[in-house]
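# Secondary and tertiary structure notes
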Amino acid sequence: MRGRALILMSAGAMALSGCVSTRQIADVQFQPPQGDYSLVVMRPDVNVGSVTLGGMVEPRADWTEQARTNLLQALRAQQATRGGRTTVIENRNSVPGVNPETIANLERLHNAVGTSIALHKYMGMELPTKRGKGLDWTLGEEAVKFGRQTGADYALFMHAEDTIASTERVAMQVLGVAGCFIGFCAPQGGGGQSAYASLVDLKTGDVVWFNVLQTGSQLPGVTFGDIRTPQGAAQMVDRLLGRMKAGKAVRRAQR
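A few points on the structure. (Residues numbered from 1 in each chain as written. Predicted model: local features only at pLDDT ≥ 70, side-chain atom pairs only at ≥ 80, totals over all residues. Heavy atoms only, no water.)

## Considering the pairing of strand β2 (residues 38–41)
Burial along β2 is two-sided: Ser38 and Val40 and Leu39 and Val41, pointing in opposite directions, are all buried. Of the strand pairs in this sheet, β2 and strand β5 (residues 85–88) are connected by four bridges, and their pairing is parallel. Bridging across to β5, Ser38 finds its partner in Arg85. As judged from the three bridges shared by β2 and strand β6 (residues 154–165), these two strands associate in the parallel manner. Counted as the bridge partner of Val41 is Leu156 from β6. (Buried < 20%, exposed > 50% of the residue type's maximum accessible area, 1.4 Å probe, protein only. Helix = DSSP H or I, 4+ residues; strand = E, 2+ residues; numbered from the N terminus. Pairing = 2+ DSSP bridges.)

As structure tokens, then:
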């Protein structure tokens, strides 16, 4: 009987365990920017929603704008410690000499490319034409043109999603957790985060560095940094960009 209880509790602990994971990939010759470089931080693509009782996600425009504001502040503060000359785009009209539609097109292009990288490099659906090539994606001439217009060396893009469990959903999670201790373990998913960041070389248009962040827990009330708050946004930015690794060839040469 005691053995059965331990098995049930172990299974419950595994089901309820939370995690934070990141995984970087980079061009084999990538060297993190240093010295007198110039960087444009693009306006983050952000979505924040509420997880309903039934497990659906309802988008919240007010939470999304609040989170975007916090992420912009966190990105500005984080990049200020890197030593480069940084311009942060808060809206598409804020870049002198660049048509807002040009920025919008570049954002849409990156969203498509970033989604493709996340799908094919992180989710086991690698494309045959890119197998063994490392990070082999580009924004092409659109990014090169943007680089000429701004005079920047790099562009930093970020996509972030955060889901917050509603009060009703948290109550259901509590019931699911309680069941784990009486032999019927039925944990319910709550909130969680998914995000990615990428660095684009504006001389070539190539994506030279990419990082993905995933967080999640089935424990009621557990969060991994609410990006609706300045502290949570800073935590997400640090997890994604705190330590940018060089490419394989560069690391090999440094040994």
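## A closer look at helix α3 (residues 100–122)
For α3, with 23 residues, the first-to-last C-alpha span of 32 Å sits near the 33 Å given by 1.5 Å per residue. Near the N-terminus of α3, the side chain that reaches the backbone nitrogen of Glu101, with its oxygen 2.8 Å away, is that of Asn99. (Expected span 1.5 Å × (residues − 1). Polar contact = N/O pair within 3.5 Å; in protein donor to acceptor, adjacent residues only side chain to side chain.)

## Side note on the pattern of salt bridges
Taken as a whole and judged by the stated rule, the model has nine salt bridges. Notably, a salt bridge pairs Arg85 with Asp36, separated by 2.9 Å at the nearest N-O pair. One end of the pair, Arg85, is in strand β5; the other, Asp36, is in the loop between β1 (19–26) and β2, with 49 residues separating them in the sequence. Between Glu141 and Arg148 there is a salt bridge; the shortest N-O distance is 2.9 Å. (Salt bridge = Lys/Arg side-chain N within 4 Å of Asp/Glu carboxyl O.)

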